Amino acid sequence: MDFSKLYRPSALNSFQFIALTGLLMSAGAHLILYLFVGHTPPGFGWLYVCWAGLYALASLKNLFGKPEEPHHH
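Quick summary incoming for the structure in this document. (Residues numbered from 1 in each chain as written. Predicted model: local features only at pLDDT ≥ 70, side-chain atom pairs only at ≥ 80, totals over all residues. Heavy atoms only, no water.)

1. Observations regarding the overall build of the protein
In step 1: For the protein, the count of helices and strands is two helices and zero strands.
In step 2: Its C-alpha radius of gyration of 16 Å places the protein more than 25% over the 11 Å reference for a compact globule of 73 residues.
In step 3: When the accessible surface of the protein is totalled, it reaches about 5,900 Å², and 73% of it is carbon and sulfur. (Helix = DSSP H or I, 4+ residues; strand = E, 2+ residues; numbered from the N terminus. Rg over C-alpha atoms; globule rule 2.2 N^0.38 Å. Areas by Shrake-Rupley, 256 points an atom, 1.4 Å probe, with all protein chains shown as cover.)

Here it is, written out as structure tokens:
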């Protein structure tokens, strides 16, 4: 089992990449809201749970899924 599929950027699938991007953007928005507005909306923390869940599911697919066949065009 190749665990580098969990952290190496070139081995991530598209859903893992989207989840990491969403996690980083949510953290940036959280920081901006906290610094400039002074608070975050209620329930904002659930974004992190959603992004982490998406990353976990995508990681399972990447680790245990069958590799896709190359497309011949």
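2. Quick look at the environment of L20
In step 1: Take L20: it is sitting in helix 1 (residues 14-37).
In step 2: Spatially, the C-alpha atom of L20 lies 18 Å from that of I32, the residues being twelve residues apart in sequence.
In step 3: Those residues within four positions of L20 in sequence are excluded, and the remaining contacts are L12 and Y55. (Contact = heavy atoms within 4.5 Å.)

3. Quick notes on helix 2 (residues 46-64)
In step 1: The end-to-end C-alpha separation of helix 2 is 27 Å, in line with the 27 Å expected for 19 residues at 1.5 Å each.
In step 2: Of all the positions in helix 2, only A58, S59, N62 and L63 are classed as buried. One side of helix 2 holds all its buried residues, which, seen down the axis, span an arc of 130°. What points out from helix 2, more than 90 degrees from its buried face, is the exposed set W46, C50, L57 and F64. (Expected span 1.5 Å × (residues − 1). Buried < 20%, exposed > 50% of the residue type's maximum accessible area, 1.4 Å probe, protein only. Arc of directions from axis to C-beta.)

4. Thoughts on the packing of helix 1 against helix 2
The relative placement of two packed helices is expressed as an angle between their axes plus a distance between the axes.
In step 1: In the contact formed by helix 1 and helix 2, the axes pass within 8 Å of each other and the chain directions differ by 160°. Here helix 2 runs roughly antiparallel to helix 1, going by the angle between their axes. Here the hand of the crossing between helix 1 and helix 2 comes out left-handed. Residues F15, Q16, I18, A19, L20, G22, L23, S26, A27 and H30 of helix 1 pack against L47, Y48, W51, L54, Y55, A58, S59 and N62 of helix 2.
In step 2: Grouping the constituent residues of the contact of helix 1 with helix 2 by class yields twelve nonpolar, six polar and no charged. (Axes fitted to C-alpha atoms, helices over the stretch in contact; angles between N-to-C directions. Parallel < 35°, antiparallel > 145°, perpendicular 65-115°, else oblique. Left-handed = near helix turned anticlockwise from the far one by under 90°. Nonpolar A, V, L, I, M, F, W, Y, C, P; charged D, E, K, R; others polar.)

5. Looking at the layout of surface pockets
In step 1: In this structure, the largest pocket occupies an estimated 200 Å³ of space.
In step 2: Surrounding the largest pocket, ten residues form its lining, N13, K61, N62, K66 and P67 being those nearest its centre.
In step 3: Counting only elements with at least two residues in the lining of the largest pocket, the list comes to helix 1 and helix 2.
In step 4: By residue class, the composition of the lining of the largest pocket is two nonpolar, four polar and four charged. (1 Å grid on protein atoms, 1.4 Å probe; cavity = no way out; pocket = protein on both sides within 12 Å on 5 of 7 lines; lining within 4 Å. Points joined across faces, edges and corners; volume = space filled by probe spheres on them.)

6. A closer look at the packing of aromatic side chains
Note on aromatic pairs: each is described by the distance of the centres and the angle between the planes.
In step 1: Following the criterion strictly, the structure yields one aromatic pair and no others.
In step 2: Their ring planes at 80° and their centres at 6.4 Å tell us that F44 and Y48 sit as a pair that is edge-to-face. (Phe/Tyr/Trp six-rings, centres within 6.5 Å; stacked < 30°, edge-to-face > 60°.)

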